[in-house]
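Topology and contacts: notes
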Amino acid sequence: MLRDGNTVTIDTFYMCDHEVTQAEYEAVTGTNPSGFQGQPAEGEIQENRPVESVRWYDTLVYCNKRSLQEGLTPCY
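Scope of this entry: the structure provided in the associated data block. The structure presented is a predicted model; accordingly, all values stated were derived computationally and were not measured.

Here's the deal with the side chain of Gln22
- Structurally, Gln22 is set in helix H1 (residues 22–29).
- Separated by 3.0 Å, the side chains of Gln22 and Gln46 make a polar contact.
- Dropping the residues within four chain positions of it, Gln22 is found in contact with Asn32, Ser34, Phe36, Gln37, Gln46, Glu47, Arg49, Pro50, Val51 and Glu52.

With respect to the packing of aromatic side chains
- Inspection of every chain in the model, using the stated rule, returns one aromatic pair.
- A centroid spacing of 5.3 Å and a plane angle of 15 degrees characterise the contact between Tyr25 and Tyr62, whose relative ring orientation is stacked. You can see Tyr25 sitting in helix H1 and its partner Tyr62 sitting in helix H2 (residues 56–69), a full 37 residues away along the chain. Note on accessibility: Tyr25 and Tyr62 belong to one class, buried.

Structural notes on the environment of Asn64
- Inspection of the secondary structure puts Asn64 in helix H2.
- On the accessibility criterion, Asn64 (16% relative accessible area) is buried.
- The residues contacting Asn64, other than those within four sequence positions of it, are Pro74, Cys75 and Tyr76.

A few points about the pattern of salt bridges
- If you walk through the whole model with that rule in mind, you get three salt bridges.
- For Glu44, the salt bridge identified is with Arg49, shortest N-O distance 3.2 Å.

Cut-offs applied
Here, residues in each chain are numbered from 1, in the same order as that chain's written sequence. Totals for whole chains, interfaces and linings use every residue, but because this is a predicted model, local features are given only for residues with pLDDT of at least 70 and side-chain atom pairs only at 80 or more, for both listing and counting. Neither water nor hydrogens contribute to the side-chain values; these are computed over all heavy atoms in the structure. By the criteria applied, helices consist of DSSP H or I runs no shorter than four residues and strands consist of E runs no shorter than two, each listed in order from the N terminus. Whenever two N or O atoms come within 3.5 Å, that pair is a polar contact, provided that in protein one can donate a hydrogen and the other can accept it, and provided that, for residues adjacent in sequence, both atoms are side-chain atoms. Note on contacts: a residue pair qualifies if any of its non-hydrogen atoms lie within 4.5 Å across the two residues. Centre distance within 6.5 Å is the pairing criterion for rings of Phe, Tyr and Trp, where only the six-membered ring of Trp is used; planes under 30 degrees apart are then read as stacked, over 60 as edge-to-face, and the remainder as tilted. Only protein chains enter the accessibility calculation, which uses a 1.4 Å probe. A residue is then buried if its area is under 20% of the maximum for its type, exposed if over 50%, and partly exposed in between. A carboxyl oxygen of Asp or Glu within 4 Å of a side-chain nitrogen of Lys or Arg is what we treat as a salt bridge.

Right, dumping it as C-alpha cells:
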C-alpha cells in the first residue's frame, strides 16, 4: 500500500535469480559489451561472469527482446 492510501497491483512479475551473464546477454542481443573478457580466475567460466558496461537504453532493448523470445509482451 502506498502512503496516500492507494493500492498498486502487479499482475505478473518475473525476476531472474542471478545477474544476467555475458552468455545470456549475447544470446539475446548478439553482442557482449563487457570490459572484463579475459583472464578469468581459476575455475571461473568467462561466459558465466555478469555482463557489465551496458548502457541503460541497451538494458531496455535486452529486456524487450528477451520478453519476445519467451512469448511475453515487452514492457519498455
